[in-house]
Amino acid sequence: MYRFHNSNVDTDLFMQLQDLTTVLTENEKTAFEYSFGSFIDIIDNKVTASRMWDTAKEKYKEAGFKSDVFLRTIGSFRYSSIKAMKEYLEIVKETDLTKFSSQLFALLEDIRLEEIIKKERPGTKRVFSVRRKYLKHKFENELNSHVTRGLALDELFCLIYLLIQADSPDPSFPRANETQLDQLERIKPLLYSIFEAKTTNDIVRICEQIVFQLNSIYKDTIYEYFIFPIGHVEEMEKDNLFDELTRTDELKNDDKEELDEDKNEYIDERFSSWHRENQNSDRKQTFLQFELEVGTKTNIMGGGARETEDADQAMGTIQGSSGQSKNKDYSDIESLDKQESTQGKSGEYEFGEENKDAVKIVKEASNPTNEEVATYKEYVKDIEPLRRKLANTIKKTIEHKKNAPRKDLVYGRLSKKLLPMILDDHPRVFYKKDLESKEFDAVFTLLVDCSASMQGKMEETKRGIVLFHEVLKQFNIPHSIIGFWEDAMEVTENYQPNYFHMIHTYQDSFYQNNGAKIMQLEPEEDNRDGFSIRVITKDLIARQEKNKFLLVFSDGEPAASGYDQNGIVDTHLAVSEARKQGIEVIGMFLADREIDEAEDLTMKNIYGKERLMIPSVSELPEQFAPLLKKLLLKTI
């Protein structure tokens, strides 16, 4: 995957673009990616938007990315001619202006497609207006730069764009060189003719004439603003991408067999089983369907199917979605619910497509050494003031709730004693049920990033973990502490080992001093956060507690094998999936210096508002205590 520079991914925008791609191509397998340029590739099942928009302001960035998706998934996908493109590429191979010819075609074809899209979908007009405004400003600046540096054909390309998109019929370019202005005048009639172009063939003819006029005069462009809009175009057989995507291949073998018609068991007789109660316009009454790639052609008439059995149509009706009836409403039958529930599944991989090769490996903590026990006691002593303060606050809150009046309230459950409603001006006729004996109905998991970047931060992080463990242990709240990392040295093409270091589990006794095992957490290798969060989410879903919390200690962006660009998006999806299951997920960023804007944006893109940014890891216990207090008070 191409990655032009290291930048943060806006997960909300990325998911919008992915949804647009899926809906507009009508293919759930088509993935969206950021790349060097914008193109569509149905061989690799992807649509890309140009990284050029990364440097734009927010109001231009979103419109730029969306317009790229519209141009590829509506325009190139349905209205561009593959045959014309292949002919054009063959012809321009003979020239020395391969980059320029590719850019020129992409530019002019996009202008043609833009008008089609705006006519078909008027709601896209604002997006394209913002796109045009940004590109005009960009090419004006680029023109001045190319004039200064003497890049002649790059300068002419900027002039071509500015002329086509000009607001007046005869714009002036005072800083441009006379040579380029003269060439622009010569090709101006051709450029204006693009507004009359109806097909890709028309654009190809215009581009060919311009390229051959300039071929003997200029060297190829240095800069590349647009790339060819369709990937693997040379492998296509149909004339547009939609037909290519839906085409049916011929049988691989071409042999035939003549059969005796007299011995043919096929009987051409029609049996009607239609009834208005089982009419369903959106479903064909077909039970078996095969796509044959290999087989022998015969002279048997088509349409011969197996003889139906009595129960076929009945079973088809039972398992299908419900239909409207005059007598009863069948909208809530179980089979329809089951059908709808399957539509929400993202794919065949349990832990996400990005983690299809990830493997969970559990590493049990060993018995703590004397040195680890001594260090743990020292850390417990350090956090004792915070632990005591936090514990006292929670105890007081519990005591207050126990002693608070449970009757004669202004809200709650309605009492049977309603006389005060007549006698009193401000009647109190409500009560509350007594508190249950169980004070905390909660379970916690603390996931600790053990990637190599935690080097220098892990020791201070352990103090925060000790505080977490000691407080929850005091109130007998089940919790687990798990370190996670991916072993980069063991990664192969189809194998990505991810270790889960089980420091403390839900089943561990509160009466055993297992806290010293926390000292065994150490910086290791990479971190595949999305996979780890999904694994723990699965464990938390199985728990019976009402309140479920997942806290993730991390020092930044996920990084693992093949996880660069999509790591943030995959982790964001994992967090969203966990929250939909009723699990409260909170990200805690651990820094060793002032937090910059990019780091805060990364955590925001992954965890949203539910994040805690800690500028100095040494402040972790002090910063962690209020959060822990807030979460515990929620559960009382």
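See the structure above.
This write-up is about the structure you can find in this document. (Residues numbered from 1 in each chain as written. Predicted model: local features only at pLDDT ≥ 70, side-chain atom pairs only at ≥ 80, totals over all residues. Heavy atoms only, no water.)

Notes on the overall build of the protein
Assigned secondary structure in the protein consists of 18 helices and 14 strands. Taking all 636 residues of the protein together, 45% fall into the buried category. Within the protein, counting contacts between residues at least 6 apart in sequence, those at least 24 apart form 75% of the total. Counting every atom, the protein has about 36,000 Å² of accessible surface; 48% of that belongs to carbon and sulfur. (Helix = DSSP H or I, 4+ residues; strand = E, 2+ residues; numbered from the N terminus. Buried < 20%, exposed > 50% of the residue type's maximum accessible area, 1.4 Å probe, protein only. Contact = heavy atoms within 4.5 Å. Areas by Shrake-Rupley, 256 points an atom, 1.4 Å probe, with all protein chains shown as cover.)

Structural notes on the sheet that holds strand E11 (residues 496-504)
An order of E6-E11-E10-E9-E12-E13-E14 is seen for the seven strands of this open sheet, with the pairing classed as mixed. Edge positions in the sheet fall to strand E6 (358-364) and strand E14 (611-614), since each of these pairs with one other strand and no more. Strand-to-strand twist in this sheet, taken as the mean axis angle between neighbours without regard to direction, amounts to 20 degrees. Sheet topology places strand E10 (residues 479-486) next to E11; six bridges connect them, and they run antiparallel. (Pairing = 2+ DSSP bridges. Axes fitted to C-alpha atoms, helices over the stretch in contact; angles between N-to-C directions.)

What about the environment of Thr537?
Counting through the fold element by element, Thr537 comes out in helix H15 (residues 529-541). The spatial distance from the C-alpha of Thr537 to the C-alpha of Thr445 is 9.5 Å, given a sequence separation of 92 residues. When sequence neighbours within four positions are dropped, the list of residues in contact with Thr537 reads Leu550, Ala578 and Ile583.

Structural notes on the sheet that holds strand E1 (residues 31-35)
Pairing within the open sheet is mixed, and its three strands lie in the order E1-E3-E2. Each edge of the sheet is formed by a strand with only one pairing partner; in this case those strands are E1 and strand E2 (40-41). Lying over the sheet, helix H2 (residues 58-79) contacts E1, E2 and strand E3 (46-50), oriented at roughly 140 degrees with respect to E3.

With respect to the packing of H2 against helix H5 (residues 125-149)
Where H2 meets H5, the axes come as close as 8 Å, and the angle between the chain directions of the two elements is 115 degrees. Viewed along their axes, H2 and H5 adopt a mutual orientation that is roughly perpendicular. Here H2 and H5 pass one another in a crossing that is left-handed. Residues Lys59, Tyr60, Ala63, Gly64, Lys66, Ser67, Asp68, Phe70 and Leu71 of H2 lie in contact with H5, whose contacting residues are Val127, Phe128, Val130, Arg131, Lys133 and Tyr134. Taken together, the residues that form the contact of H2 with H5 break down as eight nonpolar, two polar and five charged. (Parallel < 35°, antiparallel > 145°, perpendicular 65-115°, else oblique. Left-handed = near helix turned anticlockwise from the far one by under 90°. Nonpolar A, V, L, I, M, F, W, Y, C, P; charged D, E, K, R; others polar.)

Let's talk about the pattern of salt bridges
Applying the stated criterion across every chain yields a total of 32 salt bridges. Across the pair Arg543 and Glu545 runs a salt bridge, and its minimum N-O distance is 2.8 Å. (Salt bridge = Lys/Arg side-chain N within 4 Å of Asp/Glu carboxyl O.)

Comments concerning the packing of aromatic side chains
Aromatic rings considered in pairs are described by the distance between their centres and by the relative angle of their planes. All told, the structure shown has 24 aromatic pairs when counted by the stated rule. Residues Phe32 and Tyr34 carry aromatic rings whose centres are separated by 5.2 Å and whose planes lie at 85 degrees to one another, so their mutual orientation is edge-to-face. As far as burial versus exposure is concerned, Phe32 and Tyr34 are alike and both buried. Between Phe351 and Phe531, the ring centres sit 5.2 Å apart and the planes meet at 80 degrees, which makes this aromatic pair edge-to-face. In this pair, Phe351 is assigned in the loop between helix H11 (334-343) and E6 and Phe531 in helix H15, connecting sequence segments 180 residues apart. Each member of the pair, Phe351 together with Phe531, is buried. Counting every residue linked through ring pairs, the aromatic cluster contains Phe100, Phe139, Phe157, Tyr161, Tyr223, Tyr225 and Phe226. (Phe/Tyr/Trp six-rings, centres within 6.5 Å; stacked < 30°, edge-to-face > 60°.)

A closer look at the nonpolar core
Membership of the largest hydrophobic core comes to 108 residues, with the highest contact counts inside it found for Phe100, Leu108, Phe139, Ile160, Ile210 and Leu550. At 10 residues, helix H6 (residues 152-164) tops the list of elements feeding residues into this core. If sequence neighbours within four positions are ignored, Leu108 has contacts with Ile164, Ile194, Ile203, Ile206 and Cys207. Ala391, Ala442, Met454 and Ile481 belong to the second largest nonpolar core, which has 49 residues in total. (Core = buried A, V, L, I, M, F, W, Y, C linked by side-chain atoms within 4.5 Å.)

Some thoughts on a nonpolar patch on the surface
Together, Leu414, Leu418, Leu419, Met421, Ile422 and Leu423 make up a nonpolar patch on the protein surface, roughly 650 Å² of accessible area in all. The element best represented in the nonpolar patch is helix H13 (residues 420-423), accounting for three residues. Following the sequence through the fold, Leu419 ends up in the loop between strand E7 (413-414) and H13. Judged by its relative accessible area of 53%, Leu419 is exposed. (Patch = residues over 30% accessible without salt bridge, like charges linked within 9 Å, V, L, I, M, F, W, Y side chains within 5 Å.)

What about unusual backbone geometry?
The backbone of Asn45 shows a phi angle near 55 degrees, a positive value even though the residue is not glycine. In this fold, Asn45 is placed in the loop between E2 and E3. For Asn45, a relative accessible area of 24% translates into the label partly exposed. Unlike most non-glycine residues, Asn476 shows phi in positive territory, near 55 degrees. With respect to the element layout, Asn476 can be found in the loop between helix H14 (458-474) and E10. Here Asn476 falls in the partly exposed class, since its relative accessible area comes to 43%.

Examining the side chain of Asp555
Relative to the elements of secondary structure, Asp555 occurs in the loop between strand E12 (547-554) and helix H16 (566-580). Within polar-contact distance, the side chain of Asp555 engages the side chain of Ser453 at 2.7 Å. Apart from residues lying up to four places away in sequence, Asp555 is in contact with Asp449, Ser451, Ser453, Met454, Lys457, Phe589 and Leu590. (Polar contact = N/O pair within 3.5 Å; in protein donor to acceptor, adjacent residues only side chain to side chain.)

Considerations on the pairing of E11
Of all nine residues in E11, nine are buried; the element is thus mostly enclosed. The pairing of E6 with E11 spans seven bridges and is parallel. Bridging from a neighbouring strand, Ile361 pairs with Tyr499 of E11.

Some words on the packing of helix H4 (residues 98-120) against H5
What describes two packed helices is the angle between their axes and the distance between those same axes. Relative orientation of the contacting elements H4 and H5 amounts to 155 degrees, with a least axis distance of 10 Å. Compared by their axis directions, H4 and H5 come out roughly antiparallel. In this structure, the crossing between H4 and H5 has a hand that is left-handed. In this structure, H4 uses Asp110, Glu114, Ile117 and Lys118 to contact H5, whose residues at the interface are Lys125, Phe128, Arg131 and Arg132.

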